[in-house]
Amino acid sequence: MTNRSHLGFTPDQIDTSRPHPARMYDYYLGGSDNYEVDREAAERLMSMTPDVRVSARANRDFLGRAVRTVVREHGIRQIIDLGTGIPTSPNTHELARSVAEDVRVAYVDNDPIVSAHAGAKLVGAGNAEFVLADVRDPEAVLEAPAIRELTDFDRPVAVLLVAVLHFVTEEEDPARIVATLDKALPAGSCLVLTHGTPDFHERELVDEGTGVYRKATASVTLRRHAEILRFFDGYDLLDPGLVQLPLWRPDGPVPEPEELRRVALYGGVGVKR
């Protein structure tokens, strides 16, 4: 792994002693950009609830449908992908540019390992930049030079918070994070959001699963439908609204009810009024 100290970190800042959600997610998707500590935590969670891998894949599929929708139907040509995670093709810029080649994408994540991979797989694509920053400090994200250089905030922007806010605790005030980002966006901008929920699993299983993440670099706070819906205040939700991920504009067969219950995430896309 190269030393990307010009991105704001040094190798000794990379924490491989605890599992990281981005690297665990990479493992759920069948990737190899993870460490033993991540694989052990992911396997422990999957032994409790194999549904976590089903949810991860549903989340990835939703990302593709949502990105293509905002580019094709709403003319979005600039995207800020917050908490992007380990690059896994097709990445956001690949999805967007399958519809329009001129889309610009700024990737943001707080994991130096993600940053190292981003330099090789994302930034080299042209009209794409990576910012090492934390969504919990949205002001710093918005003021980052790469964001300012790549994004014209006088034109609509799509902000992606895909499987991110459930890693933000109530004390860290996720509503304030979304509101801060919203203030920078003009009308016609899009919010693409997915969020983990306890709505479809037994309480004991939910508690065991969140317990695994308490030992990671970011704990999980699952929220119910009404709580997640509030993040879309000021936005008009595209049909079919905030729904379980496979139900959002499916491009294939919809899972049967028993299979659908395994997907413990809601997702939606809103257009700013």
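Here the structure is a predicted model, which means the values were calculated and not measured. (Residues numbered from 1 in each chain as written. Predicted model: local features only at pLDDT ≥ 70, side-chain atom pairs only at ≥ 80, totals over all residues. Heavy atoms only, no water.)

Q: How should the overall build of the protein be read in this particular structure?
A: In terms of helices and strands, the protein carries eleven helices and eight strands. Within the protein, buried positions represent 56% of all 273 residues. When contacts within the protein are restricted to residue pairs at least 6 apart in sequence, long-range pairs at least 24 apart make up 74% of them. (Helix = DSSP H or I, 4+ residues; strand = E, 2+ residues; numbered from the N terminus. Buried < 20%, exposed > 50% of the residue type's maximum accessible area, 1.4 Å probe, protein only. Contact = heavy atoms within 4.5 Å.)

Q: Explanation requested: the packing of aromatic side chains in the structure shown.
A: Here the distance between the centres and the angle between the planes together describe a pair of aromatic rings. Here the structure, examined in full by the defined rule, presents two aromatic pairs. Relative to Trp 248, the ring of Phe 62 has its centre 5.4 Å away and its plane inclined at 70°; by these criteria the two rings are edge-to-face. Residue Phe 62 is found in helix 3 (residues 51-74), and its partner Trp 248 is found in the loop between strand 7 (243-244) and helix 11 (257-260); the two are separated by 186 residues along the sequence. When its relative accessible area of 0% is taken as the criterion, Trp 248 is described as buried. Arg 53 extends its terminal NZ or CZ atom over the ring of Tyr 27, reaching a point 5.7 Å from the ring centre. (Phe/Tyr/Trp six-rings, centres within 6.5 Å; stacked < 30°, edge-to-face > 60°. Lys NZ or Arg CZ within 6 Å of the ring centre and 35° of its normal.)

Q: Where do I start with the packing of helix 1 (residues 21-28) against helix 3 in this structure?
A: Between helix 1 and helix 3, whose axes approach to 9 Å, the crossing angle comes to 95°. What the angle tells us is that helix 1 and helix 3 run roughly perpendicular. Across the interface between the two elements, Tyr 25, Tyr 27 and Tyr 28 from helix 1 touch Val 52, Arg 53, Ala 56, Arg 57, Asn 59 and Arg 60 from helix 3. Residue classes in the contact of helix 1 with helix 3 are distributed as five nonpolar, one polar and three charged. (Axes fitted to C-alpha atoms, helices over the stretch in contact; angles between N-to-C directions. Parallel < 35°, antiparallel > 145°, perpendicular 65-115°, else oblique. Nonpolar A, V, L, I, M, F, W, Y, C, P; charged D, E, K, R; others polar.)

Q: Sorry, what's going on with the pairing of strand 1 (residues 78-82) here?
A: Two faces, one strand: in a regular strand the side chains alternate between the faces of the sheet. Burial of strand 1 is extensive: five of the five residues sit out of reach of the surface. Of the two faces of strand 1, the one holding Gln 78, Ile 80 and Leu 82 and the one holding Ile 79 and Asp 81 are both buried throughout. Taken together, the five bridges between strand 1 and strand 2 (residues 104-109) define a ladder with parallel strand orientation. When the sheet's bridge partners are listed, Leu 82 is paired in strand 2 with Val 108. Running through helix 4 (residues 92-97), the crossover from strand 1 to the neighbouring parallel element strand 2 is right-handed. With three bridges joining them, strand 1 and strand 4 (residues 158-162) adopt parallel strand pairing. Paired with Ile 80 across the bridge in strand 4 is Val 159. (Pairing = 2+ DSSP bridges. Right-handed = clockwise from strand over helix to strand, strands pointing away.)

Q: Teacher, can you tell me more about the pairing of strand 4 here?
A: The buried fraction of strand 4 is high, at five of five residues. Across the two faces of strand 4 the burial is the same, with Ala 158, Leu 160 and Val 162 and Val 159 and Leu 161 all buried. As judged from the five bridges shared by strand 4 and strand 5 (residues 190-196), these two strands associate in the parallel manner. In the sheet register, Val 162 faces strand 5, and the bridge partner there is Thr 194. Once you follow strand 4 into helix 8 (residues 174-183) and on to strand 5, the crossover reads as right-handed.

Q: What's the story with helix 3 in this structure? I'm lost.
A: Taking 1.5 Å per residue, 24 residues should reach 34 Å; helix 3 reaches 33 Å between its end C-alpha atoms and fits that length. Just downstream of helix 3, Gly 75 is the residue with a positive phi angle, here 65°. (Expected span 1.5 Å × (residues − 1).)

Q: Explain the side chain of Arg 65 to me, please; I cannot follow it from the model alone.
A: Note that Arg 65 resides in helix 3. It is Asp 251 that comes nearest to the buried, bridge-free Arg 65 among opposite-charge side chains, at 4.6 Å. Those residues in contact with Arg 65, other than ones at most four positions away along the chain, are Leu 245, Pro 246, Trp 248, Arg 249, Pro 250 and Asp 251. (Lys, Arg positive; Asp, Glu negative; His and termini not counted. Salt bridge = Lys/Arg side-chain N within 4 Å of Asp/Glu carboxyl O.)

Q: Is there a simple way to explain the side chain of Arg 97 in this structure?
A: Mapped onto the elements, Arg 97 comes out in helix 4. In this structure, Arg 97 is buried with no salt-bridge partner, the nearest side chain bearing the opposite charge being Asp 102 at 7.8 Å. Here Val 103 takes part through its backbone oxygen, which lies 3.1 Å from a polar atom of the side chain of Arg 97. (Polar contact = N/O pair within 3.5 Å; in protein donor to acceptor, adjacent residues only side chain to side chain.)

Q: Got a minute to help me understand the environment of Glu 227 in this structure?
A: Tracing the backbone through its elements, the reader meets Glu 227 in helix 10 (residues 225-229). With relative accessibility at 32%, the residue Glu 227 sits in the partly exposed group. Placed 52 residues apart in sequence, Glu 227 and Ala 175 show a C-alpha to C-alpha distance of 9.8 Å.

Q: Would you explain the confidence of the model for the protein in this entry?
A: Keep in mind that low pLDDT regions are not for reading the predicted coordinates in detail. Per-residue confidence for the protein gives a mean pLDDT of 86; residues scoring 70 or more make up 87%. Across residues 1-11, confidence stays below pLDDT 50; counting only partners more than four residues off in sequence or on other chains, it has 22 contacts. (pLDDT = per-residue confidence, 0-100.)

Q: Even after reading the chapter, I still don't get helix 8, so can you show me in this structure?
A: Each turn of an α-helix holds 3.6 residues, which means side chains three or four residues apart point in the same direction. Those residues of helix 8 that sit buried are Pro 174, Ile 177, Val 178, Thr 180, Leu 181 and Asp 182. Buried residues in helix 8 make contact with strand 1, helix 6 (138-143), strand 4, strand 5, strand 6 (235-237) and strand 8 (265-272).

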